[in-house]
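Coordinates in review
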Amino acid sequence: MKEAREKIESVKSTEELNEIRVEFLGKKGRVSLLMKKIKEISPEERKEYGKSVNKLKRTIEDLISKKAEELKILEKKKMFERMWVDVTIPGARRKTGHEHPVMRIWREMEDIFVSMGYEVVEGPEIEDTWHNFDALNTPEWHPARDEHDSFYFSDELLLRTHTSPVQIRTMLSRKPPIAIVSPGKVYRRDYDATHLPVFHQLEGLYVDRKVNVGHLKFTLSEFARKMFGEGTEIRLRPSFFPFTEPSFEVDVYLEGYGWLEILGAGMVDPEVFKNVGYDPEEWSGFAFGMGIDRIAMLKYRITDIRELVKNDARFLSSY
Ligand code: DAH
């Protein structure tokens, strides 16, 4: 009895207690053995013997069930301890990504022009020489057609060198008035601190009756103010593009930089209108094209364009 009590008391788990239950109360357990011994006891003592074995059995049963209760409570307590969480510990902050600076500027540029009533259209990156050059009044001898600037698939197919061919595709597929911008990838055989072989441009085209340079200048200065901040000034310098006449290079004044060229623009050349079947006497318009990466570099003050494509998360996450 003493042994049973000690054993039961020192038990640490339900499993151990079950073993002890079998040891004492099982079919072949120690109490059963004592029961069997009753045959060896003299008849006059048998009654007393039986009684005391039964009492022992009940006592052990009681001890075991009491212990089982205790263990159940203890094990529950342990489980709750394991499950305990300190809700006051600050969480491990997960780093979330964000748009690439170039994609952000791309989207901002679209938003600015959409707010002025322009529609966003896209064109193919693989172009034919007619859309990319000829229709844009860019004759065979023009340096842009030189093999060294362009990636050709064949004599007639190339990766577009600018987004201007989307002007042609748009004018061929609809009638004026037209107000579109066309963002996208363009390709040239260039690679240094300010040029990538793949970069992004946004083309703009506005065609209607009686469009003049004033409309062009207002539209672009509105864009500059929305992109670089209220009060941002622009200036137009005479330039040349085969598809516009007159043509301009447009500069923006940025604090700390001075005047910086941001885009090319001009009044749509009558030859271009003829190429798409528009009567240049009736229709007039302006066009412009700018580098999205370049605007991103100016806005975020990035000096080496190659940083934009290295995909160094430390660099990208600072914008
Ligand atoms: N396509 C020219 C380029 O890639 C940019 C450009 C200049 C586009 C003048 C125009 C424009 O639409 O009118 O350098």
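Residues numbered from 1 in each chain as written. Predicted model: local features only at pLDDT ≥ 70, side-chain atom pairs only at ≥ 80, totals over all residues. Heavy atoms only, no water.

**With respect to the domain arrangement of the chain**
Per the domain assignment, the segments of the chain are domain 1 (2-83) and domain 2 (101-316). On a C-alpha basis, the centroid separation for the pair domain 1 and domain 2 is 92 Å. (Domains from an automatic or database assignment.)

**Quick word on the sheet that holds strand β4 (residues 178-187)**
Pairing in this open sheet of seven strands is mixed, and the strands run β1-β4-β5-β9-β8-β7-β6 from one edge to the other. For this open sheet the edge positions go to β1 (119-120) and β6 (234-241), each flanked by a neighbour on one side alone. (Pairing = 2+ DSSP bridges. Helix = DSSP H or I, 4+ residues; strand = E, 2+ residues; numbered from the N terminus.)

**Section: the side chain of Ser284**
Within the secondary structure, Ser284 sits in strand β9 (residues 284-291). Residue classification places Ser284 among the buried positions, given a relative accessible area of 17%. Here the side chain of Ser284 touches Val211 through a polar contact of 2.8 Å, landing on its backbone nitrogen. (Buried < 20%, exposed > 50% of the residue type's maximum accessible area, 1.4 Å probe, protein only. Polar contact = N/O pair within 3.5 Å; in protein donor to acceptor, adjacent residues only side chain to side chain.)

**Quick look at the pattern of salt bridges**
Tallied over the entire structure, the rule returns 23 salt bridges. Between Glu70 and Lys67 there is a salt bridge, and its shortest N-O distance comes to 3.6 Å. On the criterion of helical spacing, the pair formed by Glu70 and Lys67 is a turn pair, its members being three residues apart in helix α4 (residues 43-83). Residue Glu70 is classed as partly exposed on the basis of its relative accessible area of 44%. (Salt bridge = Lys/Arg side-chain N within 4 Å of Asp/Glu carboxyl O.)

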